[in-house]
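Given next are the chains, with one letter for each unit.
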Amino acid sequence: MNTAVAMKESPNELDVFADRFFHFLNVWTVYRDLAKGKYAPSIDMEEPSVQVTMMFILCAFFHGLVEDSDDGLNGFRVWRKRLPREEAAIAAVEAKVQPLLGHLRMFRNRLGFPGSRTRSRESAAFDLLDQQSRTEILEAMKRFKSMSAALFGMDTALRTNDSEKMARYRKKLDEIAAKK
């Protein structure tokens, strides 16, 4: 069997995580640029606005990176397996994300990528926004994004034996672990 075909059929979890993480970064960039007014959509910005739609998609993508089910992709589990020495940074960020998981799951399933036919089914998903501030949710995403970027950097530095980059990422990961 062709190696490329075998890789596509059975990618390792880190490869799947990397692909989804970079899609998440793209959605994050569009959301943030839209919020900062860097561009205006070509449609009317009345309710529901494009920015709200992008927030729904961003939350849904984020949950897809931190799903806590055994068969779901979980970036914390991926990183613990790949870089177990970085437990302090991983645990610090996970502690900020963990309280959001149940709401993020419901949000993803009922609003982010909905399949429901009634508003009453969707309404429970708004609990995420009622119980957590948008700032708190975005901060958890930012921390996860920073942690993953630093871990990708550390992983590359370790594989290439680049001591200068290892030191730079060590500093970033220590800062992430210390942040309350």
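Above: the structure in question.
In this text the structure is predicted, and so the values were computed from the model without any measurement.

*Asks:* So what exactly am I meant to see when it comes to helix 4 (residues 75-82) here?
*Replies:* Owing to its 3.6 residues per turn, the α-helix aligns residues three or four sequence positions apart on the same side. Of the positions making up helix 4, those classed as buried are Gly75, Phe76, Val78 and Trp79. Along helix 4, the residues classed as buried sweep out an arc of 160° about the axis, all on the same side. As for helix 4, its buried residues are in contact with helix 2 (13-35), helix 3 (50-66), helix 5 (87-97) and helix 9 (134-160). By the N-cap criterion, in which a side-chain oxygen at the helix start approaches the backbone nitrogen of a residue two or three places on, helix 4 is capped by Asn74, the distance to Phe76 being 2.9 Å.

*Asks:* Help me understand the environment of Met154, please; the structure alone is not making it clear to me.
*Replies:* Its location among the elements puts Met154 in helix 9. In this structure Met154 comes out as buried when scored by relative accessible area, which is 3%. The sequence separation of Met154 and Arg170 amounts to 16 residues, and the corresponding C-alpha distance is 7.4 Å. Apart from residues no more than four positions distant in its own chain, Met154 is found in contact with Leu83, Glu86, Met166, Tyr169, Arg170 and Leu173.

*Asks:* Honestly, the environment of Glu86 in this entry has me stumped. Any pointers?
*Replies:* As for its placement among the helices and strands, Glu86 is situated in the loop between helix 4 and helix 5. Residue Glu86 is classed as buried on the basis of its relative accessible area, which comes to 5%. For the pair Glu86 and Asp174, spaced 88 residues apart in the sequence, the C-alpha separation amounts to 8.9 Å.

Conventions we followed
- Residues numbered from 1 in each chain as written.
- Predicted model: local features only at pLDDT ≥ 70, side-chain atom pairs only at ≥ 80, totals over all residues.
- Heavy atoms only, no water.
- Buried < 20%, exposed > 50% of the residue type's maximum accessible area, 1.4 Å probe, protein only.
- Helix = DSSP H or I, 4+ residues; strand = E, 2+ residues; numbered from the N terminus.
- Arc of directions from axis to C-beta.
- Contact = heavy atoms within 4.5 Å.
- Polar contact = N/O pair within 3.5 Å; in protein donor to acceptor, adjacent residues only side chain to side chain.

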